[in-house]
Amino acid sequence: MKKLKWWKVLLLIILLAILVAGGYVAYVFLTYSRIEDNLALQPEGSVTEKAKTGEEYTIVTYNVGFGAYTPDFTFFMDEGTESRAASKESVENCINGCADIALSYDPDFVLFQEVDIGSTRSYQVEQRNLINQKFAAAGDYDNVFAQNYHSAYLMYPITEPHGASNSGILTESRFDITSSLRRSLPIATGVKKILDLDRCYSISRIPVEDGKELVLINQHLSAYGTDAAQGNAQLEMLFADMKAEYEKGNYVICGGDFNHDFTTDSKEYFNPGTDRSYSWCEPFPDDIIPQGFSKCTNYADGMISTTRYTDIPYSADSFTVILDGFIVSDNVKCTYVQNIDKQYQYTDHNPVVMKFILGGAEDVE
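Residues numbered from 1 in each chain as written. Predicted model: local features only at pLDDT ≥ 70, side-chain atom pairs only at ≥ 80, totals over all residues. Heavy atoms only, no water.

So, about the state of the cysteines. Enumeration according to the criterion identifies zero disulfides in this entry. Cysteine C296 is unpaired, with the sulfur of C334 as its nearest cysteine sulfur at 3.8 Å. (Disulfide = S-S within 2.5 Å.)

Listed below in structure tokens is the structure:
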């Protein structure tokens, strides 16, 4: 049998590569699905206590960065090099560290984002369980989890693929969560939706002794593959739900990772003279905040960044901004708010701590 000519071998290799690549692209798109909107969530825990007006409570928001972001971690989607956490032990250490930091403020409520429940990038560590165990050991807390997104197996980077991701948002409460709902946010369409993944917020209801409800919203808006119009569309949907609850007479607190420059000027404040521009830190569109709501930005100890760009290990040269925070209805009095400088020890975010009183109809800006 005559040997195949070299060009035929080359052609076969090229055709095989096209088939493999085409098959993978088909797999990614065929397995893509959105999590349904208005999905009822099941709170866990046995707390029965109601919240009260006139008492000061503490709430924390903290994006735990799927347990990967030690100070030296750089992420491939941020022009860095790594696609997975250093090890399973590192993931567990980071998640436990974030939970301990949150608990150190003796919180009544905590909003966590980027909590993995079985992802390649975080070695299948059930981070929700680790956090819930920490809180159960610290006292009586209800909790509710909403899956933010799930993704097909990402075969990039080739040397160490990011893999499949399953991640969500977790709410902890010292008071009875009677019900909770997952709302699906509008996301990018076409090819961009593969990068943007799914996005949601959860609406948790906590009874108040005056017969109203504290409506606690935990959200994580889009970062990659988005634009200003889509970002505004997400906020407009979120604000519509917040406004409807406020008009019922309920107390509304929305916190989490807004993936906008929360103060509108933190990019320039922390990075003077920078010409960097990213979709996830466009100025927050203050003009679409509905009447009766305010951002809590009167920081007790001044401006502290809450997010670092992970193109390089954390240092004084890192690009940092404020993405995380709280927006409250004007029947909630913000008595204290501060971004806490934890030097990005366990995640690419710093926590935000707020104290508030239900029933304080004052300007909380």
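Orientation of helix α2 (residues 88–103) relative to helix α3 (residues 127–138), taken along the N-to-C sense of each, is 35°, at an axis distance of 10 Å. For the element pair α2 and α3, the recorded crossing hand is right-handed. Contact residues: V91, E92, I95, N96, A99, D100, A102 and L103 in α2; Q127, L130, I131, K134, F135 and A138 in α3. When grouped by side-chain class, the residues that make up the contact of α2 with α3 number nine nonpolar, two polar and three charged. (Axes fitted to C-alpha atoms, helices over the stretch in contact; angles between N-to-C directions. Helix = DSSP H or I, 4+ residues; strand = E, 2+ residues; numbered from the N terminus. Left-handed = near helix turned anticlockwise from the far one by under 90°. Contact = heavy atoms within 4.5 Å. Nonpolar A, V, L, I, M, F, W, Y, C, P; charged D, E, K, R; others polar.)

Counting residues in hydrophobic clusters, the biggest one holds 49 residues, and the most contacted among them are I253 and M354. Residue contributions to this core peak at five residues, all from helix α5 (residues 228–247). Contact partners of M354, with chain neighbours within four places excluded, come to Y57, T58, I59, I253, C296, F326, V328, C334, Y336 and V337. (Core = buried A, V, L, I, M, F, W, Y, C linked by side-chain atoms within 4.5 Å. Buried < 20%, exposed > 50% of the residue type's maximum accessible area, 1.4 Å probe, protein only.)

As a further point, take the packing of aromatic side chains. The final tally for this structure, using the stated rule, is 26 aromatic pairs. Here Y69 and F75 contribute two aromatic rings whose centre-to-centre distance is 6.0 Å and whose plane-to-plane angle is 65°, an arrangement assigned as edge-to-face. For F75, a relative accessible area of 3% corresponds to the buried category. Clustering of aromatic rings is evident, with ring pairs tying together F66, Y69, F73, F75 and F76. Here the guanidinium or amino end of R121 rests over the ring plane of F66, the centre of that ring lying 3.9 Å away. The ring of F145 carries R128 above its face, with NZ or CZ at 4.7 Å from the centroid. (Phe/Tyr/Trp six-rings, centres within 6.5 Å; stacked < 30°, edge-to-face > 60°. Lys NZ or Arg CZ within 6 Å of the ring centre and 35° of its normal.)

Another point: the sheet that holds strand β13 (residues 324–329). If you walk across this open sheet you meet the seven strands as β1-β6-β7-β8-β9-β13-β10, and the pairing is mixed. Strands at the two margins of the open sheet, each flanked by one partner only, are β1 (39–41) and β10 (293–295). Across the sheet, the axes of successive neighbouring strands diverge by a mean angle of 20°, strand direction being ignored. As paired strands, strand β9 (residues 251–257) and β13 are joined by five bridges and run antiparallel to one another. (Pairing = 2+ DSSP bridges.)

Note: α-helices contain 3.6 residues per turn, so residues at a spacing of three or four share the same orientation. Across its 16 residues, α2 extends 23 Å between first and last C-alpha, which sits within 8% of the 22 Å expected from 1.5 Å per residue. For α2, every residue scored as buried is listed here: S90, V91, C94, I95, G97, C98, A99, I101, A102 and L103. Lining the buried residues of α2 we find β2 (56–63), β3 (109–116) and α3. (Expected span 1.5 Å × (residues − 1).)

For the rest of this paragraph, the subject is the side chain of S173. Here S173 is to be found in strand β5 (residues 163–173). A polar side-chain atom of S173 sits 2.7 Å from the main-chain carbonyl oxygen of F175. Setting aside residues up to four positions removed in sequence, S173 forms contacts with V47, D108, F109, D140, Y141, D142 and I206. (Polar contact = N/O pair within 3.5 Å; in protein donor to acceptor, adjacent residues only side chain to side chain.)

Pairing in this open sheet of six strands is mixed, and the strands run β4-β5-β3-β2-β15-β14 from one edge to the other. Here the strands that pair on one side only, and so sit at the sheet edges, are β4 (142–154) and β14 (332–339). Sheet twist, expressed as the mean angle between neighbouring strand axes with direction ignored, is 15°. In the packing of α2 onto the sheet, the strands contacted are β2 and β3, and the crossing angle to β3 comes to about 170°. Where α3 meets the sheet, it contacts β3, β4 and β5, and its direction lies at approximately 155° from that of β3.

Our next topic: a nonpolar patch on the surface. Nonpolar side chains collect at one region of the surface, where L10, L11, L12, I14, L15 and I18 lie side by side and expose about 540 Å² of accessible area between them. Topologically, I18 is positioned in helix α1 (residues 6–30). Judged by its relative accessible area of 52%, I18 falls in the exposed class. (Patch = residues over 30% accessible without salt bridge, like charges linked within 9 Å, V, L, I, M, F, W, Y side chains within 5 Å. Areas by Shrake-Rupley, 256 points an atom, 1.4 Å probe, with all protein chains shown as cover. Salt bridge = Lys/Arg side-chain N within 4 Å of Asp/Glu carboxyl O.)

Right, let's get into α3. Here α3 spans 17 Å end to end across twelve residues, near enough to the 16 Å set by a 1.5 Å rise per residue. All of the buried residues along α3 are Q127, L130, I131, N132 and F135. Along its buried surface, α3 packs onto α2, β3, β4 and β5. Looking one or two residues past α3, G139 carries a phi angle of roughly 155°, positive in sign.

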